[in-house]
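The primary structure of each chain is shown beneath.
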Amino acid sequence: ADGIHISRASLRGAVVGNVIRACGDDCIGVISVRTLDGSTACDPCTDIVIADNVLSAPSPIGRGIALDGSRHISVIGNVIRDTPNQGILAGGGGTSYYPAFLTIVGNTIRNHGDQSDNLTGAIFVRNTQGLVIQGNSLEQPSPFGVNMYYDNRGIIMVGNTITDAWSTAYAFPSVLTARSD
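Basis of the calculations
- Residues numbered from 1 in each chain as written.
- Predicted model: local features only at pLDDT ≥ 70, side-chain atom pairs only at ≥ 80, totals over all residues.
- Heavy atoms only, no water.
- Helix = DSSP H or I, 4+ residues; strand = E, 2+ residues; numbered from the N terminus.
- Rg over C-alpha atoms; globule rule 2.2 N^0.38 Å.
- Buried < 20%, exposed > 50% of the residue type's maximum accessible area, 1.4 Å probe, protein only.
- Contact = heavy atoms within 4.5 Å.
- Areas by Shrake-Rupley, 256 points an atom, 1.4 Å probe, with all protein chains shown as cover.
- Lys, Arg positive; Asp, Glu negative; His and termini not counted.
- Charge placed at Lys NZ, Arg CZ, Asp CG, Glu CD.
- Pairing = 2+ DSSP bridges.
- Axes fitted to C-alpha atoms, helices over the stretch in contact; angles between N-to-C directions.
- Phe/Tyr/Trp six-rings, centres within 6.5 Å; stacked < 30°, edge-to-face > 60°.
- Disulfide = S-S within 2.5 Å.
- Core = buried A, V, L, I, M, F, W, Y, C linked by side-chain atoms within 4.5 Å.

**A closer look at the overall build of the chain**
Across its full length, the chain carries 0 helices and 19 strands. Relative to the globule expectation of 16 Å for 181 residues, the C-alpha radius of gyration of the chain, 15 Å, shows essentially globular dimensions. Within the chain, buried positions represent 46% of all 181 residues. When contacts within the chain are restricted to residue pairs at least 6 apart in sequence, those whose partners lie at least 24 apart make up 74%. If you sum the accessible surface of the chain, you get close to 7,800 Å²; carbon and sulfur atoms cover 51% of it. One way to put it: in the chain the 11 positive side-chain charges average out to a point 4 Å from where the 15 negative ones average out.

Here you go:
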């Protein structure tokens, strides 16, 4: 289970100043889902702030922060360490809404990733629109610092520091990858 799990059309909330270690899945998950046939199960989670949390070592499939199909979410000033999957995931599609109008600002993500997984990144975005990634410090990501994967629109990425991207599985780990394979 997630350390903190927010879902079912939650509105106007804040997750601030928590320390979460070694949880069963994502440290913080904000999840908005639809039914498998695409009909609405509930409205997306909206207007939530996730700030000043210290997150580390979720389960082998877990992420620091997962924003799946949520809207108007601000992720600010968190410290995320030792995540085996994405440090921050902003994604959607399939059984979730497309996330929109997200800000990921001033976070520190250290030692994240699975060097052999090309669907990871300290920050991984998929099917988003209206996303700001600004002033983050991404240290020792593997294999990618920021991975913009498949159908992202209106992204502003400015003033981030990404150092020491590494992998022994890929010839060219990178600080930024944008693709839609």
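So much for the structure itself; the text now carries on.
**Regarding the sheet that holds strand E19 (residues 174-179)**
What links the strands of a sheet is backbone hydrogen bonding, and the strands pair in either a parallel or an antiparallel sense. Here we have 7 strands laid out as an open sheet, ordered E1-E4-E7-E10-E13-E16-E19, and parallel in their pairing. The two strands at the open ends of the sheet, each matched to only one other strand, are strand E1 (4-7) and E19. Strand-to-strand, the axes of this sheet are offset by a mean angle of 5 degrees, without reference to chain direction. Where strand E4 (residues 28-31) meets strand E7 (residues 65-68), 4 bridges bridge the pair, whose relative direction is parallel. Across the sheet, residue Gly29 finds its bridge partner in E7, namely Ala66.

**Some words on the environment of Thr108**
Note that Thr108 resides in strand E12 (residues 108-110). For Thr108 and Phe172, which are 64 residues apart along the polypeptide, the C-alpha to C-alpha distance reads 23 Å. Leaving out residues up to four positions away in the same chain, Thr108 has contacts with Asn78, Val79, Ile80, Ser137 and Glu139.

**A word on the packing of aromatic side chains**
With the rule as written, the count across this model stands at 2 aromatic pairs. A ring pair is formed by Tyr149 and Tyr150, whose centres lie 6.4 Å apart and whose planes are at 40 degrees; its orientation type is tilted. On the basis of relative accessibility, which here comes to 15%, the residue Tyr149 falls in the buried class. Aromatic rings pair up to connect Phe124, Tyr149 and Tyr150 into one cluster.

**Some details on the sheet that holds strand E17 (residues 153-158)**
Strands sit in the order E2-E5-E8-E11-E14-E17 across an open sheet of 6 strands; the sheet is parallel. Each end of this open sheet is capped by a strand with a single partner; those strands are strand E2 (11-16) and E17. Between one strand axis and the next, the sheet turns by 5 degrees as a mean value, whatever way the strands run.

**Details of the state of the cysteines**
Applying the stated rule across the entire model yields 0 disulfides. Here Cys23 stays free of any disulfide, with the sulfur of Cys27 as its closest cysteine sulfur at 3.9 Å. The class for Cys23 is buried, based on a relative accessible area of 12%.

**With respect to the nonpolar core**
Membership of the largest hydrophobic core comes to 30 residues, with the highest contact counts inside it found for Ile50, Ile65 and Ile123. In contact with Ile123, not counting residues within four places along its chain, are Ile88, Ile104, Ile109, Ile133, Asn136, Leu138, Gly145, Val146 and Asn147. Core analysis: the second largest hydrophobic core is formed by 5 residues, Ile31, Ala66, Leu89 and Tyr149 among them.

**Remarks on unusual backbone geometry**
Note on backbone geometry: most residues besides glycine have negative phi, and most peptide bonds are trans. Each neighbour pair has its own omega, and for Ser142 with Pro143 the value is -5 degrees, a cis peptide bond. Along the polypeptide, Pro143 turns up in the loop between strand E15 (137-139) and strand E16 (144-149). Positive phi outside glycine occurs at His72, with the angle close to 55 degrees. Residue placement: His72 occurs in strand E8 (residues 71-76). For Asn111, which is not glycine, the phi dihedral falls at a positive 55 degrees. Mapped onto the elements, Asn111 comes out in the loop between E12 and strand E13 (123-126).

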